[in-house]
Structures are given as C-alpha cells and as structure tokens.
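# Architecture at a glance
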Amino acid sequence: MNKIRFNHLLGLEGLSSEVITEILDSAEAFLKVLSRPIPRVPSLRGVTVANLFFESSTRTRISFELAEKRLSADVVNFTASSSSMNKGETILDTARNIEAMKVDVVVIRHFAQGSPHFLADRVNAAVINAGDGSHEHPTQALLDIMTIRRKTGDLKGLKVLILGDIAHSRVARSNIYGLLTMGVNVKICGPSTLIPREIESMGIEVTHDLEEGLDWCDVVNVLRIQLERQNEGLIPSLREYQRSFGLTRNHLERVGGEKIIMHPGPMNRGVEIDSDVADGPGSVILSQVTHGVAVRMAVLYLISGREQSIE
Amino acid sequence: MNKINTQTQPQPPKGWRSYSSDKLALRNVLLIDPAQNLKKRADLIIENGIIQQIGEITDGWDGEIIDGSKLIACPGLFDMHVHLREPGYEHKETIYSGCHAAASGGFTGVAPMPNTDPAIDNPGLVNILREKAVGFPVEVHPIAAITLGRKGKNLSEIGELVDTGVMVFSDDGSPIVIADLMRRALEYTNMFGATISEHSEDASLTMGGVMHEGAVSTRLGLPGWPGIGEEIAIDRNVRLAEFTGGKLHIAHISTAASLEIIRRAKKNGINVTAEVTPHHLTLDCSLLDGFDSNYKVNPPLRTKEDVIALQEGLADGSIDVIATDHAPHAPDEKEVEFIKAPFGMIGLETALGIIHSKLVLTGKLTIERMIEAMTSAPRKVMGLSDVSIKAGETANLTLFNPDEKWRVDRDLFNSKSKNTPFHGMELTGRAVGVINRGLVWIKDEK
C-alpha cells in the first residue's frame, strides 16, 4: 500500500477518486488496528505533528490527537486560548515558527478560509486542513464517505441529501466535492437564505422541500444550525427552522424506505434533528466518530510518506 | 542654469536621468494627441519648459537631442484615483514615494483620495500635499472629502476648498450611506461646478463580503460582495444626479449592469462620468482560487463576462476614464488570512503596460482611446485645463516605448508597497519619460 503520495490535504476539491479510495482503504486497515487490544502501531514513530487549533473544537481536535497517538507520533498542541495568536502574532509568524521548530506535519483548524493554503505555501511541513472557515473540512467528508461506503458497499449512483445551512458549512462543501468525485448524486436542502445563489454550478441539485429530498435520497447528512443565523436575519427563528427543516421520525415514516442518517456533530437535538432519529434505526452518527479516527490515521500515514507497513 | 540636480530636489527614479528643459528636442518622435486628432512623427522642440516647435531640428541647433524614433509622446498621463496614504499611513506610501511611482509609470499628474488620517477635508491639508510634490514632474491635485473627517455627517467647507482649486470631492473608501446627504452634496457642489466622485457601494448588501458573490465564492466558502451591492448604489446616485442636476463621477465600476446604468444615464443627458481600473479590465474572480490577497480589491474582481463588458464600455466611451485606484499596503498587512487582509492593489507602475499589452495590442482598444482615457478624460472630470501637444503650450508629456518588453518586478517598484498580482507578468509597452513643470525625467536606454 501507500502507492499514492500527496504533500498536503487542503481540501477534497480536485482530489482524484484514486486518492480518496486509497485513503478509505487505508482507513479500513486502521479501523482493524483500532479494534485490537493494544490499538497502536509504530508507523509515525519519530514524526512530529503539531495541532494548531485557532478555532475551538473538541471532537476534531481529540480525534486528530488520538489518531496521532495511535500512530506513535510525537504530538504538540496549540489551541486558540493558549496560543500566541491571542498575543497578536500573525499567521505568517506562526508559519515561520513552525518552520523553525522543524515540525513534520501540521494539522490546522482556522476560522479563516484559505489559512491552510497560506501555511502550505510557506512551510515545508505537510499541512492537513482540519476545517477552514466555511471552506472545507476534508477529513470530516472522508469519514462521512467512509461511513456511507461501509454501509452500502458501493458509492456509485448513490443519492445523498445534505440538509441544513449549506452557505456556512465547510462540511457541506467537502462532502459535495468528495461525493461527486466518487460518483454519488448530491442534492441539498435548506432555507433559500442559507443556500448560496450559484451552488448548482457545483453540479448538484437544490430543494427547499424536506420530504421531497428525503423521498429522493438513500442517505441524509444533517448539518448543525447555528443560533447566530437567527440573529443575522437569515432565518426567522430556530423554531421555524425546525418546523420546515428539522428531521423528525414523522418525516421519515411519511416517505418510507430505509435511510442512512448522519450528522457531523455536535447536534442540536430537537432542532435540526430529533432524538428518536439521531438515536434510532438508520443512524450511523456514532460510527462516524469512530471512523473519524481511522480516516485521520490514514491521512496522517499517507501524508507522512513513511514506508512501514501497518501490520 | 540647471537647478534640478540640487540636494533638496527629488531625484528621478533609479535608472532614470534628469535633463534640462531649457533647450531640449525629441528627435523623430511619434506624437499622439487624440484631443486634437494629432498623430504624426516629427521633432519636438522644448525651450524653457514650453513646446517651442513641432517640426524639424535645424542644422546647428545647439540644445540637447534625445532620439525619439522608438517612442510615442502623448499628453501627460493623469491618474484621478490614487491613494498616497499621507498623512497617517506613511508606512504604505507617501507623496514622495507616490510621485516617484507615478513618474516611473508615466504619470505627470495624480489625484490622491482623502481617506487619510486626518482626512483631507480642509484647504491647509490640500496645500501641504501639493507642496510636497514640488520638485517632481508630477502634479498632485488632491480630491477632498465630501464630509468632515469622512464621517458621512456634515459637509466639508466645500466652497473654500473650491477656492483652493479642488474641483472633485469624495469620501472614497466609504460610500455616502444617507441618500439625503448625497442629494445635498450634489446640490452644494453643483453651485461651484464641482464634481462628486463616489465609491458606490450599498454596505448593507456587501457587509463582510471579500470577493465577488458567485460560483467561485460559493466554491471557496468566502463571503460574497454581490454586483447588486454596487449597482443599487450607482442607480441611486445617478437618480440623485438627475434630480439635482449635480455632476457625478462613478469611481471604479466593476460590473456589466453598472455599465448599463451609466449608458442609460448618459443617453438621458444626466451629468455622469465613470472610471474603470486596469485590474477590473483584465482580471476576473476565478483568480482568487489560491486565496492570494493581492487579488482582494474593493469593488471585487468580477466575472469574465463583466470584464469583457467593461472593455467594450471603455472602448465605446461609455466609461470615460482609466484610473488605477493605486492602493498601497505593507506586506505584513496583506500577508495575513484572506478575510482579514485589507482591500487594494497598487497600479501606478503597471497601468500603462497592462492596458497597452492586454487591450491595445489585442485590438480591444485603440491607442488613441487609451491615451484619451488616461489624459484628457480624467483632466476634464478633475476640472483641470487641457494639455495639448502644440507650439506655445507647456510641455506636459509622457514618453513611452510601445515595443519595450519587460517583466513586472515588484522589488523594483518606486512605490513603498509591493501589493500587486501582476508581479512576474510579461508586458509590452513601458513608460520611459515624463516632462512637466519644467522638469524632464527620462529613463536611460538599456
């Protein structure tokens, strides 16, 4: 394995189906590692990984950290609250410091779109985008695709509905890029104020009718709705959002058929998704979390260019 | 006696030389002055800063002779939209560095915008800026703020500013938000025959926007600055110009729909003029793909269709003026996260080369129209006297070599700043000399 090399993982836009498949296949192997009594391999021994989290995040940060430790990497963490960013350091100086410290891999979460690209242009380290503003969140989409593939076996021709605030969602964008590359049909559903005007140019369809979307799809990926959207005047209220776009058992029963239910978390139960859907049949939400660690191990492993086998 | 090369005088840009204008001739130069339908090859003789004769140097003429056989001489280029950042932001640019940049770009006149700190809203400041340009072959004609401190509330003392010679007013950088204030500004300036130059933007539609809203912003997840945010503001301002009879100049238009509003307004006899930048004429929003903040400008780069429409609008005269919106920023200000970077790119030292290479040599624009849009058209909007290539007139000329191939190198700029996306681009056509105010600065032959 490890035939395909890539220098950075900045997004899924432009990534080939071969590379995505290789990452998913590696992730399957790491998933087996994770179920061992001692879920640790020496693949990244001697490799230093810096997790730079300029925006607060719990699950992505922990998932990356766990993946790094399971691979025996040396791990350092910078988080927004403790980092020099709060002391006015620019991202350029941060980049130069990383370079000076001779870090091998940088995992970056940042509130500003394009920040991982900014770093990648300026450091020798491999850069992994752990979410940049409303641009991309490639490892999340990879774990979503892995979860779908494990559930359905084949991705080609599958229909995925992405439900919610598309405009502000990096998860949506990365999913759209990755799913389209893998031959999946994508439709998005949400209020017109949270869907960018020219989104169809990405090669997807739009509906504002939840049940129409549900009727069409095999998989529904529910996105988190932020309370801020109400204050920004983009939706009248969370209550009205829930009324039109909250996923309930009733909706699923009315359209019938089995749907795979996904959510990148953290969930607003009772708003974008009801508890009996999140915890009910068809929900793969917790599997997504497990797959997240495996996918991140795969990305770290492939990006580090190490030749050791996983076994 | 040549008084130019004294310690206190500004020196020409590196690689350029100062000549006396006491007795100077450009031999066999191609003279182009569209305003008087002049296009001919001749010897141009200057004495004491005045064009003495257009004809032939007689035997035994004892002045300095410069070979003009490869050169075009046209009226001095004028850029009516620059930011020279003084006072307040001298780390980005100063009158001094800005005048050097202007000269090396072939400009003999510039109009700095008043978004300085403090804002240019009084005659004292206007005069200080003008004085700082003394010794350059570049005139500085400040545009003064419409409102005191550019705060968008009370009108500046426009009457007194007009007496100082200011004929264009703008709160550039900030649009006039309140429609009634724009009405009053147009009414008041109209008393003096002065013009309002407006950065037309409805901020409620563009809040937080960092690039053109469309397919590319959707892909990149960047907040959009939609074309409608400009068009609604232009529409409002044009209607107010019609209502008041005031003179309105629309700064840096960027969309095809904006152009249509201006075409319609001109057809209806409304007192409106418009300008477009070299970057909106040649670059489109797909270039933001790599998150390079040098492409981040306000108004933003638009679609390919908009670019083509603007080129046509400039060619047919619907758009009057080419202006650079030269907006210097220090590297540490621009080299940050894309959404945090300030808007703007510099343009004085690339404008002529860009327009000549990308529009004239490709047949989209005649050389006469290019010269007109960079000379007489902006001077007219600015309320400045005409510049003509004619015996008896002051020599205010730009010399350029239309065949010189060169590569844009931001490290060789005279500007204090380097924020240009044109770095590394191969261009054909370059300014090689400026003559104005009795000063002659000419680039050395390679």
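Residues numbered from 1 in each chain as written. Chains lettered and ligands numbered in written order. Predicted model: local features only at pLDDT ≥ 70, side-chain atom pairs only at ≥ 80, totals over all residues. Heavy atoms only, no water.

Disulfide: a covalent bond connecting the sulfur atoms of a pair of cysteines. Residue and element names in this part refer to chain B. Considering all chains together, one arrives at zero disulfides over all chains under this definition. Left unpaired, Cys-99 is separated from the closest cysteine sulfur, that of Cys-74, by 18 Å. The buried category is assigned to Cys-99, whose relative accessible area is 0%. (Disulfide = S-S within 2.5 Å. Buried < 20%, exposed > 50% of the residue type's maximum accessible area, 1.4 Å probe, protein only.)

Residues and elements named next belong to chain A. In terms of domains, chain A is made up of domain 1 (17-137 + 292-304) and domain 2 (138-288). Taking only C-alpha atoms into account, the centre of domain 1 sits 26 Å from that of domain 2. At the junction of the two partners, domain 1 supplies 28 residues and domain 2 supplies 25 residues. Surface buried jointly by domain 1 and domain 2 totals about 2,100 Å² across both partners, of which 60% is contributed by carbon and sulfur atoms. The largest per-residue losses of area from domain 1 upon contact with domain 2 belong to Ile-20, Leu-24 and His-137, which jointly make up 29% of the total buried on that side. At the boundary of domain 1 with domain 2, the tally comes to three salt bridges. Between Arg-150 and Glu-28 there is a salt bridge, with the nearest N and O atoms lying 2.2 Å from each other. Between domain 1 and domain 2 we count 12 residue pairs in polar contact (both at pLDDT 80 or more) in total. Of all elements in the fold, only α1 (17-34), α2 (59-70), β3 (105-110), β4 (126-132) and α12 (285-304) reach the threshold of two or more residues within the side of domain 1 that touches domain 2. Here the side of domain 1 that touches domain 2 takes nine residues from α1, the largest share from any one element. (Domains from an automatic or database assignment. Contact = heavy atoms within 4.5 Å. Buried area = accessible area lost by both parts, 1.4 Å probe. Salt bridge = Lys/Arg side-chain N within 4 Å of Asp/Glu carboxyl O. Polar contact = N/O pair within 3.5 Å; in protein donor to acceptor, adjacent residues only side chain to side chain. Helix = DSSP H or I, 4+ residues; strand = E, 2+ residues; numbered from the N terminus.)

A few words on the packing of aromatic side chains. In the structure shown here, the tally under the stated rule is six aromatic pairs over all chains. For the ring pair Phe30(A) and Tyr301(A), a centre distance of 5.5 Å and an interplane angle of 70° mean the geometry is edge-to-face. Of this pair, Phe30(A) sits in helix α1 while Tyr301(A) sits in helix α12, and the two are 271 residues apart along the sequence. Centroid distance Tyr96(B) to Phe136(B): 5.2 Å. Interplanar angle 75°. Geometry classified as edge-to-face. Of this pair, Tyr96(B) sits in helix α1 (residues 95-104) while Phe136(B) sits in the loop between α2 (123-132) and β9 (139-140), placing them 40 residues apart in sequence. (Phe/Tyr/Trp six-rings, centres within 6.5 Å; stacked < 30°, edge-to-face > 60°.)

Mean pLDDT over chain B works out to 96, with 98% of the residues at or above the 70 mark. Here the predicted complex carries an ipTM of 0.92, next to a pTM of 0.94. (pLDDT = per-residue confidence, 0-100.)

This part covers helix α8 (residues 256-267) of chain B. Residues and elements named next belong to chain B. Across its 12 residues, α8 extends 17 Å between first and last C-alpha, which sits within 8% of the 16 Å expected from 1.5 Å per residue. Restricting attention to buried positions, one finds in α8 the residues Ser-258, Leu-259, Ile-261, Ile-262 and Ala-265. Here the buried residues of α8 occupy an arc of 155° about the axis, which is enough to place them on one side. Looking at the packing, one finds that the buried side of α8 touches α7 (227-244), β14 (247-250), β15 (272-276) and α10 (304-315). Taken from the residues just after α8, Gly-269 is the one with a positive phi, measuring 75°. (Expected span 1.5 Å × (residues − 1). Arc of directions from axis to C-beta.)

What follows covers the sheet that holds strand β8 (residues 219-222) of chain A. Residues and elements named next belong to chain A. Pairing is parallel across the open sheet formed by five strands, whose spatial order is β7-β6-β5-β8-β9. Since the sheet does not close on itself, it has two edges, and those belong to β7 (205-207) and β9 (260-262), each with one partner. Across the sheet, the mean angle from the axis of one strand to that of its neighbour is 20°, orientation sign disregarded. Alignment of strand β5 (residues 159-163) against β8, held across four bridges, turns out to be parallel. (Pairing = 2+ DSSP bridges. Axes fitted to C-alpha atoms, helices over the stretch in contact; angles between N-to-C directions.)

This part covers the interface of chain A and chain B. Each side of the interface is counted separately: chain A has 23 residues, and chain B has 16 residues. Taking both sides of the interface into account, the surface hidden between chain A and chain B amounts to around 1,600 Å²; carbon and sulfur atoms contribute 57%. Along the contact surface separating chain A from chain B lie two salt bridges. Arg219(B) is paired through a salt bridge with Glu13(A); the nearest N and O atoms lie 2.3 Å apart. At the boundary of chain A and chain B, one finds eight residue pairs in polar contact (both at pLDDT 80 or more). Here the side of chain A that touches chain B is built from residues that sort into 10 nonpolar, eight polar and five charged. (Nonpolar A, V, L, I, M, F, W, Y, C, P; charged D, E, K, R; others polar.)

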